[in-house]
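Summary of structural features
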Amino acid sequence: MTDIPPPDRKDAQMHGTEPLPFSDANHNRSALLLVESLIHALIERAVLSVDEAIDITLTACDVLNSANREIGMDEAECARAAAPLKAICASLEVDKKPVPTQA
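The following refers to the structure shown. Owing to the predicted nature of the structure, the values given are computational and were not obtained by experimental measurement. Sequence positions are assigned chain by chain, starting from 1 and proceeding in written order. For a predicted model such as this one, the threshold for reporting local features is a pLDDT of at least 70, and the threshold for listing and counting side-chain atom pairs is 80 or more; totals across whole chains, interfaces and linings nevertheless cover every residue. Excluded from the side-chain calculation are hydrogens and water; included are all heavy atoms of the structure.

Remarks on the side chain of Thr 57
Using the following cut-off: Runs of H or I in DSSP of at least four residues are treated as helices and runs of E of at least two as strands, each being numbered from the N terminus. Per-residue accessibility, obtained with a 1.4 Å probe over protein chains only, is compared with the maximum for each type, and a residue is labelled buried under 20%, exposed over 50%, and partly exposed between these values. By the convention used here, residues are in contact when the closest approach between their heavy atoms is within 4.5 Å.
The residue Thr 57 is located in helix H3 (residues 50-70) in this model. On the accessibility criterion, Thr 57 (3% relative accessible area) is buried. Not counting residues within four places of it along the chain, the set of residues in contact with Thr 57 comprises Ile 39, Leu 85, Ile 88, Cys 89 and Leu 92.

Here you go:
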């Protein structure tokens, strides 16, 4: 049987005021790493351009921000929640920069 937290604890987790249990946080990191890896693989295979990937990630960030504001998160909480998506955007921006060639 799964230990279900009482509503007040679950609400705190949803609003970012309480850290996720290690296993949940680890699963979240794993899922995010998988998604980022898939994005980079699609770019390498020319299925998706870097600009398209950045646009998709920024759209996800906007949707997340809107959803979090609807449930009452303040700006700082929204920024913390969006940090992983912003990190993916930053890694994609690196892909846009041309690789210097050696003469």
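Now that the structure has been shown, we can carry on.
A short note on unusual backbone geometry
A positive phi angle, close to 60°, is found at Ala 46, a residue other than glycine. Here Ala 46 falls in the exposed class, since its relative accessible area comes to 66%.

Remarks on the environment of Asp 62
Relative to the helices and strands, Asp 62 resides in helix H3. For Asp 62, a relative accessible area of 51% gives the class exposed. In the structure, Asp 62 is positioned 20 residues away from Ala 82 in sequence and 8.8 Å away in space, judged by C-alpha atoms.

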